[in-house]
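Analysis of the macromolecular model
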Amino acid sequence: MNSTKVVEVAIIGAGTSGMGAYREALKHTNSIALIEGDQYGTTCARVGCMPSKLLIAPAEARHRAEKFSEFGLLGEVPNVDGKAVMKRVRAERDRFVGFVNESVESFAPEHRIMAKATFIDDHTLSLSNGMIIKAEKIVLAVGSRPSYPAFFKNAGDKLITNDDVFYWDDLPESIAVFGAGVIGLELGQALHRLGVRVHLFGLNNIIGPFSDPEVSAYAYKTFNNEFSFHGDASVSTISNENNVVNITYKNAGESEKTERFDFLLAATGRRSNIDRLEIQNTSLELDERGLPIYDKLSMQCGNSHIFIAGDANGDIPLLHEASDEGRLAGENAGLYPNVYKRARKVPLGIAFSDPQIAMVGKSYSDLRKENTEFVTGEVSFENQGRSRVMLVNKGLMHLYGNPETGVLLGAEMIGPEHEHLAHLLAWCIQMRMTVADILQMPFYHPVIEEGLRSGLRDLYQKMGMGPQPPLHCIDCGPGA
């Protein structure tokens, strides 16, 4: 006979958003079931942001050695010990996962349940261990999984996803990466710089998260100059012959060709795990993707007692967003039937390619869709002083501002150390600063941030609020 447990709040999923939801719900009730169907350890720690950076780090170190001669330094580019590289990646990855596991295991044992959950009805969950959970309120924090077109399966057991890369014992000799989004760019470039023969296949010449055509075109040219990048190739066949992947494709204006690879890495996106919950057994209204329709400011699904957070909602698959959403969902689940909206933080996204990619605030496409009046300030980092000194002078930044209010709205950019510039801009936008306000902030010399100042000066002039900025830094000489 199945046992039944009655709780006030059930949280399905113990990843980043689930842990955040648990901590918040615990402030309001001790009657909680935290249900995890697979294993503890977040996507970020196990197969996402942390292990990918562990792979990028040695790739960047080796790439710097390739520039020794340009500095007048004599030396050879180091050989790559693939087994040693992946040993460190796995060891450090496991260390990060261990910290997450310790956090979850510090939660009350009576709250934690290891089992898969599916809905019987709006308040009832059936667990794979035979238990039935009846919950007054439910938080859906089930995360996501890699998604790819069905014909990729023609690669057989040579088809892998980014989740698989971080379990490698050694680096392959060659790989075809499909998907020019953040994951594909980061892994493709890192593997190339570690000596793997890489071909990156994109679609419609879209690069990463960019929507600004000029910035996207600059990014495509930059990456294509470093490794084989097919921005919009037509792939006719994929096959597995003698344990090797054959890919036949055709670039625009070229004849068809076939390349052979050790693996096909599908980095074509992720899909929500909501479809594994038998969500159709609830009364929730679903969108065309089969995901619950919810309020992004409260995480509430319709007017129901069910809340959704993190990658499960198919919105912004970033750790800091998942964390914020989890806390908000847990808070409202604990307070229900009282539900409160909370202002969301300014959108901030970063890709750790080289040059780095960043999106802050409103994107070019956001502003166009909203019919918002805006003008664009621009700065190239190719002649920016500090960037040239360090031989990292590749980059283009577009800054968007409102010409009526002078307020900075957003930015799309690619360039050196842009993870830091993106944070500065996100803080400024969240504080609703005008471009004039930001230009009054201190800028040291010589730093890459001076390039940001040049872009802001250009935007200020184009908004009609300031004079034509000097061609070069008026304070310190050319190219600062």
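Predicted model, so just to flag it, every value in this text is computed and none were measured.

Next up on the list: the sheet that holds strand β20 (residues 375-380). Sheet architecture is open: 5 strands sit in the order β18-β19-β22-β21-β20, paired in antiparallel fashion. Sheet topology places β18 (348-351) and β20 at the edges, where each strand pairs with a single neighbour. On average, adjacent strands in this sheet sit at an angle of 10° to one another, irrespective of strand direction. Both β20 and strand β21 (residues 396-401) contribute to a ladder of 6 bridges, which runs antiparallel. Residue pairing across strands places Val-375 opposite Gly-401, the latter belonging to β21.

Mapped onto the secondary structure, Asn-332 falls in helix α8 (residues 319-335). By relative accessible area, Asn-332 is classed as buried at 0%. Reaching out from Asn-332, the side chain makes a polar contact with the backbone oxygen of Ser-298 at a distance of 3.0 Å. Not counting chain neighbours up to four residues away, the residues in contact with Asn-332 comprise Ser-298, Phe-307, Asn-338, Val-339 and Tyr-340.

Counting residues in each nonpolar core, the largest one holds 48 residues, and the members touching the most others are Leu-125, Leu-127, Ile-133, Ile-138, Leu-140 and Ile-274. Aside from chain neighbours lying at most four places away, what touches Leu-127 is Ile-35, Ile-113, Ala-115, Lys-116, Ala-117 and Ile-133. Of all hydrophobic cores here, the second largest spans 39 residues; its members include Leu-185, Phe-229, Phe-263 and Ile-414.

This next bit is on the side chain of Thr-161. Assignment of secondary structure puts Thr-161 in strand β8 (residues 159-161). Excluding residues within four positions of it along the chain, Thr-161 makes contact with Pro-146, Tyr-148, Leu-265 and Ala-266.

Moving on to the pairing of strand β13 (residues 244-250). When a strand is regular, its side chains alternate between the sheet's two faces. Among the 7 residues of β13, 6 are classified as buried, and the element is accordingly described as predominantly covered. Note that strand β12 (residues 234-241) and β13 share 7 bridges and pair antiparallel. Directly across from Ile-238, in β13, lies its bridge partner Ile-247. The turn joining β12 and β13, which pair antiparallel and follow one another in sequence, is formed by 2 residues; a positive phi near 55° is taken by Asn-242. Relative to strand β14 (residues 257-261), β13 runs antiparallel, the two sharing 5 bridges. Its bridge partner lying in β14, Tyr-249 is registered against Lys-257. Count of turn residues in the β13/β14 antiparallel hairpin: 6 residues, of which Gly-253 carries a positive phi of about 80°.

What counts and how
- Residues numbered from 1 in each chain as written.
- Predicted model: local features only at pLDDT ≥ 70, side-chain atom pairs only at ≥ 80, totals over all residues.
- Heavy atoms only, no water.
- Pairing = 2+ DSSP bridges.
- Helix = DSSP H or I, 4+ residues; strand = E, 2+ residues; numbered from the N terminus.
- Axes fitted to C-alpha atoms, helices over the stretch in contact; angles between N-to-C directions.
- Buried < 20%, exposed > 50% of the residue type's maximum accessible area, 1.4 Å probe, protein only.
- Polar contact = N/O pair within 3.5 Å; in protein donor to acceptor, adjacent residues only side chain to side chain.
- Contact = heavy atoms within 4.5 Å.
- Core = buried A, V, L, I, M, F, W, Y, C linked by side-chain atoms within 4.5 Å.

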